[in-house]
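# Summary of the model geometry
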Amino acid sequence: MTDQPTAPQLGRRRFVQGAAALGAGLASGALSRPAFALTGAADPSVLSGTRFDLTLDRAAVNKTGTEDWGNTINGGIPGPALRWRQGDVVTLNVTNNLPELTGIHWHGIILPNPMDGVPGLAFPGIQPGETFTYRFPVVQSGTYWYHSHMSYQEQKGAYGALIIEPEGQPHIQVDRDYVVVLSDWMDGSPLVVQNNLKQMSDYYNFNRRTLGSFVSDVNQSGLGMTVAERARWANMRMDPSGITQPTAALYTYLMNGQPPSANWTALFRPGESVRLRFINASAITYYDVSIPGLEMDVVHVHGNDVVPVTVDQLRIPVAETYDVVVRPRQDRAFTIFAQDMERSGFARGTLAPRMGMSAPVPPMDPAPMRTMADMGKPGMAPDQVAASHPDRTRIGGIMPSKMGEVPPEERARRPGRARRTEAPPETQALKPGVELQFVAKTPTDRLDLPGDGLDHLMGQRRILTLADLRSVNPGLDKRPPTREIVLNLTGNMHRFIWGFDGKKFTEVGPIDVTLGERFRLRFVNNTMMSHPIHLHGMWMELENDHGEHRPYLHTINVKPSQQLSLLVTPLATGQWPLHCHLLYHFEAGMFRTLRVLPRSA
Amino acid sequence: MTRRILPALPALPALALFAAMPAQAQIFGDSGAFFGSGLGADTLQGASPYGNLIADDRVYMHGILNQNEGRFGDGSYYRWSGQAWIGNDYNRLRLRTEGRYNSTNNGKVDDGQHELLYERPISTYFDLQAGVRADIDDGTGRTWAALGVQGLAIGFWNVAVTGYASNRGHFALRTDAAYDLYLTQRLVLQPQFETNWYTKDDAGRGVGAGLSDIDTGLRLRYDISRKFSPYIGVAYQHFFGGTARMRREEGGQADDLRFLVGLRAWF
């Protein structure tokens, strides 16, 4: 994978060799300047200015050692990193050389509806062979990304980073600045994946409970407790080991387009500050990111500056961006480690003073299991993290002999202790059916927990939670909400049907709101999966007890049986998608249109 | 053995057709096609004015040959039992087929039951099925109307219960249940039980009234991939009442225990 790209033009078929050229390009520049200054306008990996030409092609791609096809943008996977400037008007000519309709969506960008790039909703899409010109003013700054919003094209490589320089002096000053695009690559056709999931929703789960884990659980927790615990799951027809689907059984996890073996490398000089702009461009995969030996200051989330939070690890759900600043002082390499939430695999790169260096790759953390708290039944097993869990716990709680080792703050963080909330009437009225597997009778508020697989580590590491996020700037709209819209996240894992309020996209119409109105959006997750819910064209301000300094988000991860709320002010009329950003979920129906009507209507 | 099995394969035309198809072709409804159809501005009550982009109603297709095995013992035979379906989330056509080749050592297919069912979900885990069953093999042919439920029962048992009525005034009932016990991530032990019940004797097919037979198996498979799993196991059949009597009259026995080797496959 370290080869340079071959001849750039081979008709419509081109070879894409990851982004090895990106790292090499950075290495050749002067070391003292910010990374972006190292790459000139001629470098295909970064494009800047106000006019951009982007071309989508179906090309031969080799990310795994086997040649396959992919959707490239300007010949690369990922596509070029785009650099805009706040206050500019940008023009983007997107040419579709794919054999099917496409549309490029600018994720998190506030713009007029026809520029949003969602075929069907906001514009008719870009037909094969056609060029569509996007043109809109840039009213914000920060780290974003762009991707195809059509069918499964994103899974096969149609995504890239989008960086907007702020007007005036940037709030965050660093010596170096790198984009780290995380993604999940698969050889073959995503349609086959969806087909497999329809037949067997745990098709890619090779981390399930077995006879072996039953025996070890009996040894640890006793036969009665183990059988009772297994019976609870069996009665619900749920598998607590199903965290994400698909897993590394299908995927190769990429960092800036490179598999772990290629070891994408970012350079620093000891003592410098380095900004890493993490972008999760995956179709399905959540990453838990850490850099062993370095603490990370989370400074910028979803394109907006936040009061720095120093952490050892953070979870990056699908479609979200988190910028961290690290300050390596030693003259050695550090591994950028991004393990997938189910611990089936990882993406990996290196921060190093010189090219060609590497640091040890840490072992993955124990694989999480869902708990009764995830099922909206937090009382059933008060302290349970999970059975089969190689930490201090056993079924039914912490082992008495190990109780002394567990710090009190960790005990308090156990998911079973999560704050219970009252389900809104809209949730209580739900009835299980074909498209609704269970109702979260007792949803919980877990903004102060990082999520399954990390909660129990809170006493040992500093891990980012949504409760930590405090916007540097106060919110612009000080009005209280005038109404509340409740959306229940629902689905039937067994049938692989996903939706909102027990309905798929094609079964219901839009949700109507009025331009400029202030409303509260409340999500209750009635599934055993985490869902990153993305709202186009407007911000969601998370109500996390920071008053006017609510973080502005474009995507909100809702954990199983979690209830949370956000404030929204629609900024432009039109059809704005509100959907789960897990590709196979939204293609199975977890998608709605938020229709913003003009004030007079 | 292989040469004996081969002649029985034409009994599986639908599944064979399936196997010949590339996986991509088994999925219909490319969402891109919607845009050429000139959908109006009212698509989805205004949710998607330029046409529906979300293919959440796509048609999928699957075939599984759950039993595809040689059964060895006092005389050997080939046995298949498979299912295929095509449809979207709410409307599916399901084909179920099973049979034995050479079980009476005379090179004939028997116990050939083939069902074509329309299937619609009625609850979180269960589908209602209605259609026809045709008993087509080297015995006397029979045709039945079929009505049943199939789904996932508590405890992760895959079950199917189907009632049948023939134009000759016969009624029948069939139950199926199977469970996957994961010994390791890829080594799976599958107990399986089938029972058949009839209201009247049918000498042409060698079945008697009442509980006719149970057909149980215990298969240990290794998932090389989800779609390709060789297995070994044992199958035990027991025949009751009139069915047992008819078998004994033909020189057979009321029960039959066999060792089996097979290959489970998805298409």
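Figured I'd write up the structure that's included with this text.

Parameters at a glance
- Residues numbered from 1 in each chain as written.
- Chains lettered and ligands numbered in written order.
- Predicted model: local features only at pLDDT ≥ 70, side-chain atom pairs only at ≥ 80, totals over all residues.
- Heavy atoms only, no water.
- Helix = DSSP H or I, 4+ residues; strand = E, 2+ residues; numbered from the N terminus.
- Buried < 20%, exposed > 50% of the residue type's maximum accessible area, 1.4 Å probe, protein only.
- Contact = heavy atoms within 4.5 Å.
- Areas by Shrake-Rupley, 256 points an atom, 1.4 Å probe, with all protein chains shown as cover.
- 1 Å grid on protein atoms, 1.4 Å probe; cavity = no way out; pocket = protein on both sides within 12 Å on 5 of 7 lines; lining within 4 Å.
- Points joined across faces, edges and corners; volume = space filled by probe spheres on them.
- Nonpolar A, V, L, I, M, F, W, Y, C, P; charged D, E, K, R; others polar.
- Phe/Tyr/Trp six-rings, centres within 6.5 Å; stacked < 30°, edge-to-face > 60°.
- Lys NZ or Arg CZ within 6 Å of the ring centre and 35° of its normal.
- Pairing = 2+ DSSP bridges.
- Axes fitted to C-alpha atoms, helices over the stretch in contact; angles between N-to-C directions.
- Buried area = accessible area lost by both parts, 1.4 Å probe.
- Salt bridge = Lys/Arg side-chain N within 4 Å of Asp/Glu carboxyl O.
- Polar contact = N/O pair within 3.5 Å; in protein donor to acceptor, adjacent residues only side chain to side chain.
- Core = buried A, V, L, I, M, F, W, Y, C linked by side-chain atoms within 4.5 Å.
- Patch = residues over 30% accessible without salt bridge, like charges linked within 9 Å, V, L, I, M, F, W, Y side chains within 5 Å.
- Parallel < 35°, antiparallel > 145°, perpendicular 65-115°, else oblique.

## A short note on the overall build of chain B
- Each helix and strand in chain B was counted, giving three helices and 13 strands.
- Burial status across chain B gives 48% buried among its 267 residues.
- The long-range fraction of contacts in chain B, counting pairs at least 24 apart against all pairs at least 6 apart in sequence, stands at 49%.
- Carbon and sulfur atoms make up 63% of the accessible area of chain B, which amounts to about 11800 Å² in all.

## Considerations on the overall build of chain A
- For chain A, the count of helices and strands is eight helices and 36 strands.
- Buried positions account for 66% of the 601 residues belonging to chain A.
- Residue pairs in contact within chain A that sit at least 24 positions apart in sequence constitute 75% of those at least 6 positions apart.
- Surface summary for chain A: the accessible area is close to 19000 Å², and the carbon and sulfur share equals 52%.

## Describing empty space enclosed by the protein
- The full count for this structure, using the stated rule, is seven cavities of 30 Å³ or more.
- Tallied by class, the residues present in the lining of the largest cavity amount to six nonpolar, two polar and three charged.

## Considerations on the packing of aromatic side chains
- Summed over all chains, the structure comprises 25 aromatic pairs over all chains.
- Ring geometry for B:W144 and B:Y164: centres 6.3 Å apart, planes at 70°, overall edge-to-face. Taken together, the residues B:W144 in strand β6 (residues 142-153) and B:Y164 in strand β7 (residues 157-166) connect sequence positions 20 residues apart. Note on accessibility: B:W144 and B:Y164 belong to one class, buried.
- Through a chain of ring-to-ring contacts, the aromatic side chains of A:W84, A:W106, A:F123, A:F132, A:Y134, A:F136 and A:Y146 assemble into a single cluster.
- When the ring centre of A:W69 is taken as origin, the NZ or CZ atom of A:K156, which lies over that ring, is 4.4 Å away.
- Over the face of the ring belonging to A:F206 we find B:R226, whose NZ or CZ atom lies 4.1 Å from the ring centre.

## Concerning the sheet that holds strand β17 (residues 304-311) of chain A
All names here are of chain A.
- The strand order across the open sheet built from six strands is β12-β11-β14-β19-β16-β17, with neighbouring strands paired in mixed fashion. Of all the strands in the sheet, just β12 (252-255) and β17 have a single pairing partner and so form its edges. Taking the axes of each pair of neighbouring strands and ignoring which way they run, one obtains an average angle of 25° across the sheet.
- Bridge analysis of strand β16 (residues 296-301) against β17 gives five bridges, and the strand direction is antiparallel. Pairing of D297 across the sheet is with T310, part of β17.

## Looking at the sheet that holds strand β30 (residues 531-535) of chain A
All names here are of chain A.
- The strand order across the open sheet formed by five strands is β28-β36-β35-β30-β33, and the pairing between neighbours is mixed. Because the sheet does not close on itself, it has two edges, and the strands there are β28 (511-514) and β33 (555-558). Looking at each pair of strands side by side, their axes are set apart by 25° on average, direction ignored.
- Looking at chain direction, β28 and strand β36 (residues 591-597) are connected through four bridges and run parallel.

## With respect to the interface of chain B and chain A
- Across the boundary between the two partners, chain B contributes 48 residues, which contact 64 residues of chain A.
- Roughly 4800 Å² of surface becomes buried between chain B and chain A when both sides are summed, with 57% attributable to carbon and sulfur atoms.
- Counting the contacts that link chain B with chain A gives four salt bridges.
- Notably, a salt bridge pairs A:K504 with B:D57, separated by 3.8 Å at the nearest N-O pair.
- The interface formed by chain B and chain A contains 29 residue pairs in polar contact (both at pLDDT 80 or more).
- Of all elements in the fold, only β1 (60-72), β5 (126-135) and β6 of chain B reach the threshold of two or more residues within the side of chain B that touches chain A.

## Digging into the pattern of salt bridges
- Enumeration according to the criterion identifies 60 salt bridges over all chains in this entry.
- Note that A:E229 and A:R209 form a salt bridge whose closest N and O atoms lie 3.0 Å from each other. Taken together, the residues span a long stretch of sequence, with A:E229 in helix α5 (residues 223-236) and A:R209 in the loop between α3 (190-199) and α4 (211-221) at a distance of 20 residues. Across this residue pair, the class does not change: A:E229 and A:R209 are buried.
- The residue B:R221 makes a salt bridge to B:D223 at a minimum N-O spacing of 2.8 Å.
- Exposure remark for B:D223: the relative accessible area of 1% places this residue in the buried category.
- Within the structure, one salt-bridge network assembled from shared partners comprises B:E69, B:R71, B:R79, B:E98, B:R100, B:D111, B:R174, B:D176, B:E194, B:D215 and B:R219.

## Quick word on the nonpolar core
- Counting residues in hydrophobic clusters, the biggest one holds 145 residues, and the most contacted among them are A:W84, A:W106, A:L276, A:L351 and A:F523.
- Contacts of A:L351, omitting those with residues within four sequence positions, involve A:A266, A:F268, A:V274, A:L276, A:I291, A:L294, A:V326, A:R332, A:A333, A:F334 and A:I336.

## Concerning a nonpolar patch on the surface
Residue and element names in this part refer to chain B.
- On the surface, F72, L218, I232, V234, L257, F259 and V261 cluster together to form a nonpolar patch covering roughly 590 Å² of accessible area.
- Contributing elements (two or more residues each) for the nonpolar patch: β12 (228-239) and β13 (255-266).
- Considering each element in turn, the nonpolar patch owes the most residues, three residues, to β13.

## Quick notes on the layout of surface pockets
Residue and element names in this part refer to chain B.
- Each pocket or cavity is described by its volume, and for the second largest pocket that value is around 1200 Å³.
- Along the walls of the second largest pocket sit 43 residues, with S103, T104, D110, R247 and E250 positioned nearest its centre.
- Put simply, the parts of the chain that give the lining of the second largest pocket at least two residues each are β4 (109-121), β10 (187-198), β11 (210-222), β12, α3 (241-249) and β13.
- In terms of residue class, the lining of the second largest pocket is built from nine nonpolar, 17 polar and 17 charged.

## Things to note about α3(B)
Residue and element names in this part refer to chain B.
- Taken residue by residue, α3 has G242, T243, A244 and M246 as its buried positions.
- Buried residues belonging to α3 abut β11 and β12.
- Following α3 by one or two positions, G251 adopts a phi angle in the positive range, close to 90°.

## Focus on the pairing of strand β20 (residues 334-340) of chain A
Residue and element names in this part refer to chain A.
- For β20, the tally of buried residues reaches seven of seven residues, placing the bulk of the element in the interior.
- Judged by which residues are buried, β20 turns out to be covered on both faces: F334, I336, A338 and D340 on one side and T335, F337 and Q339 on the other are all buried.
- Note: strand β15 (residues 287-290) against β20, four bridges, orientation antiparallel. Residue pairing for β20: D288 is matched across the bridge by Q339.
- The turn linking β20 back onto strand β21 (residues 346-352) is made up of five residues, and R343 within it adopts a positive phi angle of 65°.

## Remarks on the pairing of strand β26 (residues 483-492) of chain A
- Burial analysis of β26(A) places eight of its 10 residues in the buried class, the great majority of the element.
- Two successive antiparallel strands, β26(A) and strand β27 (residues 497-500) of chain A, enclose a turn made up of four residues, where A:F496 displays a positive phi of approximately 50°.

## Observations concerning the packing of α4(A) against α5(A)
Residue and element names in this part refer to chain A.
- Orientation of α4 relative to α5, taken along the N-to-C sense of each, is 130°, at an axis distance of 7 Å. As summarised for this structure, α4 and α5 are arranged oblique, according to the angle between their axes. In contact with S213, F214, D217, V218 and S221 of α4, α5 contributes L223, M225, T226, V227 and R230.
- Classifying every residue of the contact of α4 with α5 gives five nonpolar, three polar and two charged.

## With respect to unusual backbone geometry
Residues and elements named next belong to chain A.
- Look at the link from I77 to P78: it is a cis peptide, with omega at 0°.
- Summarising the element assignment, P78 is placed in the loop between β4 (68-73) and β5 (81-85).
- With an omega of -5°, the peptide bond running from Q245 to P246 counts as cis.
- Positive phi is not limited to glycine here, since N256 has a value of about 50°.
- Mapped onto the fold, N256 is located in the loop between β12 and β13 (264-267).
- Non-glycine residue A319 carries a positive phi angle of around 80°.
- For A319, the position within the fold is in the loop between β18 (313-316) and β19 (321-326).
- Judged by its relative accessible area of 0%, A319 is buried.

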